[in-house]
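# Close look at the chain arrangement
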Amino acid sequence: MLIRPGRAEELAVCQDIERAAGEPFRALGMTAVADDEPLTLGDLETYRRNNALWVAQQGDELAGYLLAAPVDGRTHIEQVSVRPRWARRGIGRALIDHAALAHGGGDQTLTTFADVPWNAPYYRRLGFRELPEDQLTPGLRHIRTVERKLGLDRWPRLCMLRTGLPRTDVALEA
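So, here is what we can say about the structure in this document. (Residues numbered from 1 in each chain as written. Predicted model: local features only at pLDDT ≥ 70, side-chain atom pairs only at ≥ 80, totals over all residues. Heavy atoms only, no water.)

## A few points about the pattern of salt bridges
Overall, the coordinates contain 19 salt bridges when judged by the stated rule. We note a salt bridge from Arg 148 to Asp 153, for which the minimum N-O separation is 3.4 Å. By relative accessible area, Arg 148 is classed as partly exposed at 39%. Taking the relative accessible area as the measure of exposure, Asp 153 reaches 33% and is therefore partly exposed. Three or more residues are tied together by salt bridges with common partners; here these are Glu 133, Arg 144, Glu 147, Arg 148, Asp 153 and Arg 157. (Salt bridge = Lys/Arg side-chain N within 4 Å of Asp/Glu carboxyl O. Buried < 20%, exposed > 50% of the residue type's maximum accessible area, 1.4 Å probe, protein only.)

Right under this line is the structure:
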């Protein structure tokens with residue numbers, strides 16, 4: 001597997017990956033999440049231009065992608081999506097680790113669903129811990145406000161933090 005920056009011609013593929021990765025939410029009764037449209041090509045292009053879009057390539061296929069942004073001095077994982085047929089092979093972890101390494105190994109944050117098996121329980125296994133409400137930075141508070149307005153709080157959500165530099169065995173391309 002190779003982790004590398006996404007290319008302009010791959011943005012529509014990233015949208016397809018996100019749609020496919022959203023389908024398992026349907027089985028949990030979270031149809032609104034499954035039906036949610038991915039970011040626009042323009043939004044993805046902004047991440048790409050800002051060196052904040054990475055893809056995981058398996059052979060000739062893109063297996064997953066990640067978007068990150070700086071939030072209050074930390075790397076915030078905005079989105080990580082893996083094609084279901086590539087799930088449970090370490091691709092999400094490799095993308096998250098790469099995002100940490102690409103930003104000098106600093107702390108990472110994310111927001112996620114508390115009770116979805118491939119969300120908060122998965123991130124705990126990667127070393128993330130729940131951030132109590134009183135420890136949220138202004139940027140994370142803003143993100144949570146936007147998520148509430150989008151209706152994501154129909155299901156329990158939380159913010160998580162991982163500190164330190166991860167280990168990775170994945171080939172990384174700058």
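## Focus: helix α1 (residues 11–22)
A turn of α-helix holds 3.6 residues, and therefore any two residues three or four places apart point the same way. Along its 12 residues, α1 runs 17 Å from first to last C-alpha, staying within 8% of the 16 Å computed at 1.5 Å per residue. Buried residues of α1: Leu 11, Cys 14, Gln 15, Ile 17, Glu 18, Ala 21 and Gly 22, and no others. Seen from one end, α1 has its buried residues packed into an arc of 160 degrees, which puts them on one side. Here the buried face of α1 lies against α2 (31–35), α3 (41–49), β2 (53–58), β3 (61–71) and β4 (74–82). (Helix = DSSP H or I, 4+ residues; strand = E, 2+ residues; numbered from the N terminus. Expected span 1.5 Å × (residues − 1). Arc of directions from axis to C-beta. Contact = heavy atoms within 4.5 Å.)

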